[in-house]
Amino acid sequence: MISGISIKEPELIFGNGSHVDPTTGIMLYGPYDLNQLRPKQIRIGFVGRADSIRLATTWVERGRSRVEVKKNSSGTYREPWPGFNSEHGFYTEIEYDESMCRPILPEEFESAVESALNQVECIDFLTSLFVKEIKYLALNKKVDVIICCINDDILAMGAGYDDISNQGNNDELDNELKDLVEFNFRRKLKAASMPYNIPLQLILDKTSSEIDSTTDIASRYWNFFSAMYYKAGGIPWALSREDYSHTCFAGISFYKSRDTATLQTSSAQIFNEHGNGIILRGGEAQIHKADRTPHLSNDKAFELLDRGMLEYYDALKHFPKRVVLHKSSNFSNEEINGFKKAAKKHSIHSLELVTIMPSPVRITSKDIYPPNRGTLFTLNNDIRILYTRGFVPHYNTYRGSYIPSPLQIRFFSSVGDAELVAREILMLSKINWNSTRFDRKLPITISSSESVGEILKYVEDFTPKVRYSFYM
């Protein structure tokens, strides 16, 4: 007999109140830092082909004003877009002028395509065109965020080989490149622009051309401007003000190098309830024969957590009392020993090692809806099943199109309160300022470390940025 409990939906904190939903919270109470030092004006630059910049600026201008949510037969659970202005929502203005728009000539695009020997080289050339203008803005203009406008041609040429393969366009050249190196324009551009210290926001022509179409533009504006506000240094919403000041959450993931020759480690660490933290690139990992999954050696695990704690101290001037490590695969004995050694070095009282992965277990229900989001089932002392997607009591419905799959939570160290760990995972699934959807499947610790790894593989000859906004 499987026993289960229901965890209450965690609330988020906004400027003048709290709510479970990001869009409703911002509409009612403003962003978290409303009454603090924050970006009241965001200066933005634009880079792309001239026609793409025109589309993007028109789309951004439309976003200054209110946009209603499109109604459909299933209803809507998102607030209308209030407009990005000083009177509603984020209470922030956008600023730019013509000098902050840096068009790339069509003939430059054509030259890059014609002169490239293969698609990898084409991606490099296209990236260099954007980076040249990003560098100009960084050195000559005071901008907080740069919007890179991606036309359909770039999108077709810049997709990774996995995307092209899925579209059925995999010719002999693509087969050769699969054996050579991964290519992906978005990842390459994010990495190549890091030295200029300005976060990027990418927008596609097919997005910016849809201003009053049948799609839900209000939802797109919510996601676009929430991400921009965070990248400009703002805090759209924060975790509940429970005492997490002495807890450090960290996610650990692995990624292959572009030529697939090595496995590397990425780590995203959350410092406090604001989601402030750092990005670390860890050491090389190895595939273990026993479970065919990547693992760190004892020394590499020690080095990763040791560096993380030193960065934590530099930021907050104290070490955490409790560290919770989230990993997307099981912990090996070597990893456990290495992490424990680092924790002991820094006098960390509690180290909790938690694996979070898709669960093979499904829980059936007599109702037409799946189990509630926040439903936690106990399989045994070390394994729990948690639904981070499911029926949402606050809206009295399930907001998905497919049957949701739960997460399996497995403990590889002593845990004082398993329910607390599950509640924290649910809480951390609400912290992703790239989207205002509050019921995401994975906690930010795992999702960010995975997305970070995708970009870190393109960082070659410089130290990567530690702020998450450069990887969003």
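Keep in mind that this is a model prediction, so the values were computed, not measured.

Draft legend 1. Looking closely at the environment of K345. Considering the arrangement of structural elements, one finds K345 in helix α12 (residues 333-345). For the pair K345 and M309, spaced 36 residues apart in sequence, the C-alpha to C-alpha distance is 9.9 Å. If near-sequence neighbours (up to four positions away) are discounted, K345 is found in contact with F302 and D306. Engagement of the side chain of K345 in a polar contact is seen with the side chain of D306, the distance being 3.1 Å.

Draft legend 2. Representation of the state of the cysteines in the model. Scanning the entire structure with this criterion turns up zero disulfides. C148 provides the cysteine sulfur closest to C149, a residue in no disulfide bond, and the two sulfurs are 7.3 Å apart.

Draft legend 3. Main features of the packing of aromatic side chains. For the structure shown, the criterion picks out 21 aromatic pairs. Between F224 and F225, the aromatic rings sit 5.1 Å apart at their centres with planes inclined by 80°, giving edge-to-face as the arrangement. Summarising the burial analysis for this pair, F224 and F225 share the class buried. Here the aromatic residues W59, W81, F84, F90, Y221, W222, F224, F225 and Y229 are joined through ring pairs into a cluster of three or more. Above the face of the F331 ring, K327 is positioned so that its terminal group lies 5.1 Å from the ring centre. Positioned over the ring face of F302 is K341, at 4.9 Å from the centre of the ring.

Draft legend 4. Up close: unusual backbone geometry. We note that K317 has phi near 65°; this positive angle belongs to a residue other than glycine. Within the secondary structure, K317 sits in the loop between α11 (298-316) and β13 (322-327). Residue S347 is not a glycine yet carries a positive backbone phi of 55°. Looking at the secondary structure, you find S347 in the loop between α12 and β14 (350-358). For S347, a relative accessible area of 53% translates into the label exposed.

Draft legend 5. Quick look at the pattern of salt bridges. Inspection of every chain in the model, using the stated rule, returns 19 salt bridges. Residues E61 and R64 are paired through a salt bridge, measuring 2.9 Å at the closest nitrogen-oxygen approach. The partly exposed category is assigned to E61, whose relative accessible area is 33%. For E419, the salt bridge identified is with R423, shortest N-O distance 3.7 Å. With a gap of four residues between them, E419 and R423 both fall in helix α13 (residues 418-428), about one helical turn apart. Residue classification places R423 among the partly exposed positions, given a relative accessible area of 28%.

Draft legend 6. Just α12, in detail. The terminal C-alpha atoms of α12 lie 18 Å apart, and with 13 residues this matches the ideal 18 Å at 1.5 Å per residue to within 8%. Those residues of α12 that fall on the buried side of the exposure criterion are E335, I336, G338, F339, A342 and A343. Along the axis of α12, the buried residues cluster in a sector spanning 170°; they form a single face. Opposite the packed face of α12, turned more than 90 degrees from it, sit the exposed residues N333 and K344. Along its buried surface, α12 packs onto β9 (247-256), β12 (294-295), α11, β13 and β14.

Draft legend 7. Representation of the pairing of strand β4 (residues 41-49) within the structure. Of all nine residues in β4, seven are buried; the element is thus mostly enclosed. Summarising the sheet, β4 and strand β7 (residues 145-150) pair through four bridges and their orientation is parallel. Across the sheet, F46 pairs through a bridge with I147, a residue of β7. Relative to strand β6 (residues 101-104), β4 runs parallel, the two being bridged by four bridges. Residue pairing for β6: G48 is matched across the bridge by P103.

About the criteria used
- Residues numbered from 1 in each chain as written.
- Predicted model: local features only at pLDDT ≥ 70, side-chain atom pairs only at ≥ 80, totals over all residues.
- Heavy atoms only, no water.
- Helix = DSSP H or I, 4+ residues; strand = E, 2+ residues; numbered from the N terminus.
- Contact = heavy atoms within 4.5 Å.
- Polar contact = N/O pair within 3.5 Å; in protein donor to acceptor, adjacent residues only side chain to side chain.
- Disulfide = S-S within 2.5 Å.
- Phe/Tyr/Trp six-rings, centres within 6.5 Å; stacked < 30°, edge-to-face > 60°.
- Buried < 20%, exposed > 50% of the residue type's maximum accessible area, 1.4 Å probe, protein only.
- Lys NZ or Arg CZ within 6 Å of the ring centre and 35° of its normal.
- Salt bridge = Lys/Arg side-chain N within 4 Å of Asp/Glu carboxyl O.
- Expected span 1.5 Å × (residues − 1).
- Arc of directions from axis to C-beta.
- Pairing = 2+ DSSP bridges.

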